[in-house]
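# Structure assessment
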Amino acid sequence: MKRISFIVISVCAAMLVVCCGKNEYVLNGIVPDGIENGEVVYMTDYNDGLIVDSAVISGKKFVFKGVADSAMARSLTLGDLQANIILEKGTMTVDMADPYSAKGNLLTEKMNEFLSKSADIIEQAREKLAGVDMSLSASEQGEIQDEIVDDLFIELNELPRAYLKEHSNDALGAMVFYTWMQNRTELSEELFNEACKLVGENVLNFGPIKQMAAYYDKLGQTAAGMPFVDFTIDNGNSDGSPASLSDYVGKGKYVLVDFWASWCKPCRLETPVIAEVYNKYKGDLFDVVSVAVWDQREATLRAIEEDGNAWPQILDAQAIPTELYGIQGIPHIILFGPDGTILARNLRGDNLKNKVAEVLGK
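Below is a short write-up of the structure.

Cut-offs used in this document
Residues numbered from 1 in each chain as written. Predicted model: local features only at pLDDT ≥ 70, side-chain atom pairs only at ≥ 80, totals over all residues. Heavy atoms only, no water. Pairing = 2+ DSSP bridges. Helix = DSSP H or I, 4+ residues; strand = E, 2+ residues; numbered from the N terminus. Axes fitted to C-alpha atoms, helices over the stretch in contact; angles between N-to-C directions. Salt bridge = Lys/Arg side-chain N within 4 Å of Asp/Glu carboxyl O. Buried < 20%, exposed > 50% of the residue type's maximum accessible area, 1.4 Å probe, protein only. Contact = heavy atoms within 4.5 Å. Phe/Tyr/Trp six-rings, centres within 6.5 Å; stacked < 30°, edge-to-face > 60°. Arc of directions from axis to C-beta. Patch = residues over 30% accessible without salt bridge, like charges linked within 9 Å, V, L, I, M, F, W, Y side chains within 5 Å. Areas by Shrake-Rupley, 256 points an atom, 1.4 Å probe, with all protein chains shown as cover. Lys, Arg positive; Asp, Glu negative; His and termini not counted. Charge placed at Lys NZ, Arg CZ, Asp CG, Glu CD.

So, about the sheet that holds strand E6 (residues 81-87). Across the sheet, which stays open at both edges, the 4 strands sit in the order E3-E2-E5-E6 with antiparallel pairing between neighbours. The open sheet is flanked by strand E3 (51-56) and E6, the only strands paired with a single partner. In this sheet, neighbouring strand axes are inclined to one another by 25 degrees on average, regardless of whether the strands run parallel or antiparallel. Note that strand E5 (residues 72-78) and E6 share 7 bridges and pair antiparallel. Among the inter-strand pairings, Ala73 is bridged to a residue of E6, identified as Ile86.

A separate point is the sheet that holds strand E14 (residues 342-344). Strands sit in the order E12-E11-E10-E13-E14 across an open sheet of 5 strands; the sheet is mixed. For this open sheet the edge positions go to strand E12 (313-314) and E14, each flanked by a neighbour on one side alone. Of the pairings in the sheet, the one linking strand E10 (residues 254-260) to strand E13 (residues 332-336) comprises 5 bridges and is antiparallel in character. Looking at the pairing, Val257 lines up with Ile334 of E13.

Here the focus is the pattern of salt bridges. Tallied over the entire structure, the rule returns 12 salt bridges. Ionic pairing is found between Glu194 and Arg161, a salt bridge with its closest N-O pair at 2.6 Å. Linking Glu194 in helix H5 (residues 189-196) with Arg161 in helix H3 (residues 138-164), this pair joins segments that are 33 residues apart in sequence. Here Glu270 makes a salt bridge to Arg348, at a shortest N to O gap of 3.0 Å. Taken together, the positions of Glu270 in helix H8 (residues 265-281) and Arg348 in the loop between E14 and helix H11 (349-359) put the pair 78 residues apart, joining distant regions of the chain. Taking the relative accessible area as the measure of exposure, Glu270 reaches 7% and is therefore buried.

Now for the environment of Arg184. Mapped onto the elements of the fold, Arg184 is located in the loop between helix H4 (171-182) and H5. When the C-alpha positions of Arg184 and Asn157 are compared, they lie 9.2 Å apart, and in sequence the two are 27 residues distant. With residues near it in sequence (within four places) discarded, Arg184 still touches Phe153, Asn157 and Leu191.

Turning to the packing of aromatic side chains, a few remarks are in order. In the structure shown here, the tally under the stated rule is 11 aromatic pairs. An angle of 80 degrees between the planes, with centres 5.9 Å apart, marks the rings of Phe62 and Phe64 as edge-to-face. Assigned by exposure class, Phe62 and Phe64 land together as buried. Aromatic side chains Phe259 and Tyr325 sit 6.1 Å apart centroid to centroid with 40 degrees between the ring planes, which places their arrangement in the tilted category. Highlighted residues: Phe259 in strand E10 and Tyr325 in the loop between helix H10 (320-324) and E13, separated in sequence by 66 residues. Its relative accessible area of 0% is what places Tyr325 among the buried residues. What links up through ring pairs into an aromatic cluster is the set Phe177, Trp180, Phe192, Tyr215 and Tyr216.

A few words now on helix H9 (residues 297-307). Looking only at H9, the buried set comprises Arg297, Ala299, Thr300, Ala303 and Ile304. Along the long axis of H9, the arc covered by the buried residues comes to 160 degrees, so they all point the same way. When the buried face of H9 is taken as reference, the exposed residues oriented beyond 90 degrees from it are Glu305 and Glu306. Lining the buried residues of H9 we find E10, H8, strand E11 (286-292) and E12. Backbone geometry just downstream of H9 places Gly308 in the positive-phi region, at approximately 70 degrees.

This brings us to a negative patch on the surface. Residues Asp133, Glu140, Glu143, Asp146, Glu147, Asp150, Asp151, Glu155 and Glu158 make up a contiguous surface patch of negative charge. Position of Glu140 relative to the elements: it lies in helix H3.

Below you can see the structure in the form of structure tokens.
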């Protein structure tokens, strides 16, 4: 009898080990009124941006089940609704009507506490900016607005640092770091490198943060003073033949290269400035080239005709040059020297005109 009892206990213990080893999770969710049965909630992995699971809504509820061998940052989306979670073994709950409602483990609850506080700081700053007395002079308004924005970024820097003290190398730390950098409208390499010193390898290897690091690496390789990085677009010319940046840059002229798209209003508004410098300086010493990125070929050609652009164009470049040059927004205009050296980046308006006049000694 003792031997049988021992065997039973051993088998039960083994079963418990197996069950616990599976690290199973259950995520129970509810949706707001107006969501129909059959609609789908998608789960996306923050690490690589890929959809990893989906759940069908029935009776205003949905369920995700799976295995979490380690803590994993995920987002849930249902149309315009989104909620953030950190999956771990156990049972969790979420209300898709509230982006910060997920509960069931400490990391998730701490993450949503941080995200909620960050959103509150930004909203309070917006309210203060909207409340600036418009009867004041423009300079007085500007001073007040600058002070509000400065205070905003002080708070947005202090909050994540507090969380990273205890979560410098886990999934929560990764989401805090990522949100911190995303909340900076003018993220600098200096701030990014400083923040990297506060976290461990698990955070630094988080997909979105690796992308940021790669972006700064590209910026460093294509900063002012560096040689140009060439690229070739297979059908980049209007006749469908290949076009390369080196067809124009590094040929003995100063070349202004405008990365743009037909749908980009700021790009189109910059066209008259580019046209002005082109018409004024074109010749043996200076040229302009526009490179259409993130755009449809037909739309690009229509915009060129509508705007009367007379300078050379490289079409259908899509993301090839923007990835090489670390360009995250357009228009992005770069001035290259006669030997292909990058002289200045992100030129616009008067700064563009002044820089061209300066290098040409005009």
